[in-house]
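Structural characterization, general
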Amino acid sequence: AQSVSQHNHHVILSEAASLELGCNYSYGGTVNLFWYVQYPGQHLQLLLKYFSGDPLVKGIKGFEAEFIKSKFSFNLRKPSVQWSDTAEYFCAVATGTASKLTFGTGTRLQVTL
Amino acid sequence: DAGVTQSPTHLIKTRGQQVTLRCSPKSGHDTVSWYQQALGQGPQFIFQYYEEEERQRGNFPDRFSGHQFPNYSSELNVNALLLGDSALYLCASSGLAGYNEQFFGPGTRLTVL
């Protein structure tokens, strides 16, 4: 069965700092990869997704992620974070049919002014 | 266009009781998935419904059951509630028979006393 690891549980950054959140998955076959964000008091929203093609994908709000197949990784990046990026970030993988999602445990990002 | 809606928002039950949670998918979507999100954890897949049948199931006991109606809405039922069932229950819908990104609802917060 597939699994997802997010090694950073809690990250604190100052505004304008650069962000990189790690995500590794274990699965030997074809995968679809996602980053979801959960702002305080709000529901899960899709930040970006990778299905195929260019391994560097751009999402909403200036986020991007790079799929490195050889490293089984899909790290999330943003060059300059804002206070409004304070949220919980989840990496997820879907394999095979029926798009069942397997999530990581999440990374809580706190951006200070 | 209404997104995924869930009811109720909050629910308090006692051990041994039964509960039913409801979900209406995003317009045009035909597949509904249910997830359980315990505090501080990522969502865990419970099961997925398509064409009124359970298509895929996660590692949850038979106390968890569901149903999908002809209008694609869905119910999650949990029998013989345990304290450990306290969690946020998320519904997600997707189109194209599930071969597409999932949109999440706000969730139902279940507390078991």
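Right, let's walk through the structure included here. (Residues numbered from 1 in each chain as written. Chains lettered and ligands numbered in written order. Predicted model: local features only at pLDDT ≥ 70, side-chain atom pairs only at ≥ 80, totals over all residues. Heavy atoms only, no water.)

Structural notes on the overall build of chain B
Let me state the cut-off plainly: In this text, helices come from DSSP runs of H or I with a minimum length of four residues, and strands from runs of E with a minimum of two, each type numbered from the N-terminal end. It is over C-alpha atoms that the radius of gyration is taken, and the globule rule equals 2.2 Å times the number of residues to the power 0.38. Working definition: with a 1.4 Å probe on protein chains only, accessible area under 20% of the residue-type maximum means buried, over 50% means exposed, and in between means partly exposed. Residue contacts are defined here by distance: any two heavy atoms, one from each residue, within 4.5 Å place the two residues in contact. Shrake-Rupley sampling with a 1.4 Å probe provides the accessible areas, and residues are treated as covered by the protein chains on show and by no other component. Positive charge is attributed to Lys and Arg, negative charge to Asp and Glu, and no charge count is given to His or to the chain ends. By convention, the charge on Lys lies at NZ, on Arg at CZ, on Asp at CG and on Glu at CD.
The secondary structure content of chain B amounts to zero helices and eleven strands. The globule rule puts the C-alpha radius of gyration for 113 residues at 13 Å, and the 13 Å found for chain B is close to it. Its C-alpha atoms give chain B principal-axis dimensions of roughly 40 × 25 × 25 Å. When the 113 residues of chain B are sorted by exposure, 50% land in the buried category. Sequence separation of 24 or more characterises 54% of the internal contacts of chain B that already satisfy a separation of 6 or more. Carbon and sulfur atoms make up 50% of the accessible area of chain B, which totals about 5,300 Å². Both charge centroids of chain B, one from 8 positive and one from 10 negative side chains, sit 12 Å from each other.

Some points on the interface of chain A and chain B
Just so we agree on the cut-off: Take a side-chain nitrogen of Lys or Arg and a carboxyl oxygen of Asp or Glu: if they are within 4 Å of each other, that pair is a salt bridge. Two N or O atoms form a polar contact when they lie within 3.5 Å of each other; inside protein one atom must be a possible hydrogen donor and the other a possible acceptor, and for residues adjacent in sequence the pair counts only when both atoms belong to side chains. Residue polarity follows a fixed list, in which Ala, Val, Leu, Ile, Met, Phe, Trp, Tyr, Cys and Pro are nonpolar, Asp, Glu, Lys and Arg are charged, and the others, Gly among them, are polar.
Contacts between the two partners involve 17 residues from chain A and, on the opposite side, 21 residues from chain B. Between Lys49 of chain A and Glu101 of chain B there is a salt bridge; the shortest N-O distance is 2.4 Å. The interface formed by chain A and chain B includes four residue pairs in polar contact (both at pLDDT 80 or more). For the side of chain A that touches chain B, the secondary-structure elements that each account for two or more residues are strand S5 (31-38), strand S6 (45-50) and strand S11 (101-103) of chain A. When residues of the side of chain A that touches chain B are assigned to their parent elements, the largest contribution, three residues, is made by S5 of chain A. Classifying every residue of the side of chain A that touches chain B by side-chain character gives nine nonpolar, six polar and two charged.

Observations concerning the packing of aromatic side chains
Let me state the cut-off plainly: Here the aromatic set is Phe, Tyr and Trp, taking the six-membered ring for Trp, and pairing holds for ring centres within 6.5 Å; pairs whose planes are under 30 degrees apart are stacked, those over 60 apart are edge-to-face, and all others are tilted. Charge-over-ring contacts are defined here by two conditions on Lys NZ or Arg CZ: a distance within 6 Å of the ring centre and an angle within 35 degrees of the ring normal.
Per the stated rule, a full pass over the model turns up 15 aromatic pairs over all chains. With centroids separated by 5.8 Å and ring planes inclined at 50°, the aromatic side chains of Tyr36 of chain A and Phe103 of chain A adopt a geometry described as tilted. With Tyr36 of chain A in strand S5 and Phe103 of chain A in strand S11, this residue pair connects regions lying 67 residues apart in the sequence. It is Lys26 of chain B that lies over the ring of Phe103 of chain B; its NZ or CZ is 5.2 Å from the centre.

With respect to the sheet that holds strand S7 (residues 64-68) of chain B
Neighbouring strands of a sheet are bound in pairs by backbone hydrogen bonds; such pairs are parallel or else antiparallel. All names here are of chain B. As a reminder of what qualifies: Two strands pair under a simple rule: DSSP has to find at least two bridges between them. Only the stretch in contact is used when a helix axis is fitted, and all axes are lines through C-alpha atoms; the angle between N-to-C directions ranges over 0 to 180 degrees.
Taken in spatial order, the four strands make up an open sheet running S1-S3-S8-S7, and their pairing is antiparallel. With one partner strand each, in any of the chains shown, strand S1 (5-7) and S7 form the two edges of the open sheet. Adjacent strand axes in the sheet meet at a mean angle of 20°, parallel and antiparallel pairs treated alike. The pairing of S7 with strand S8 (residues 74-78) spans five bridges and is antiparallel. Note on S8: the bridge partner recorded for Ser65 is Asn77.

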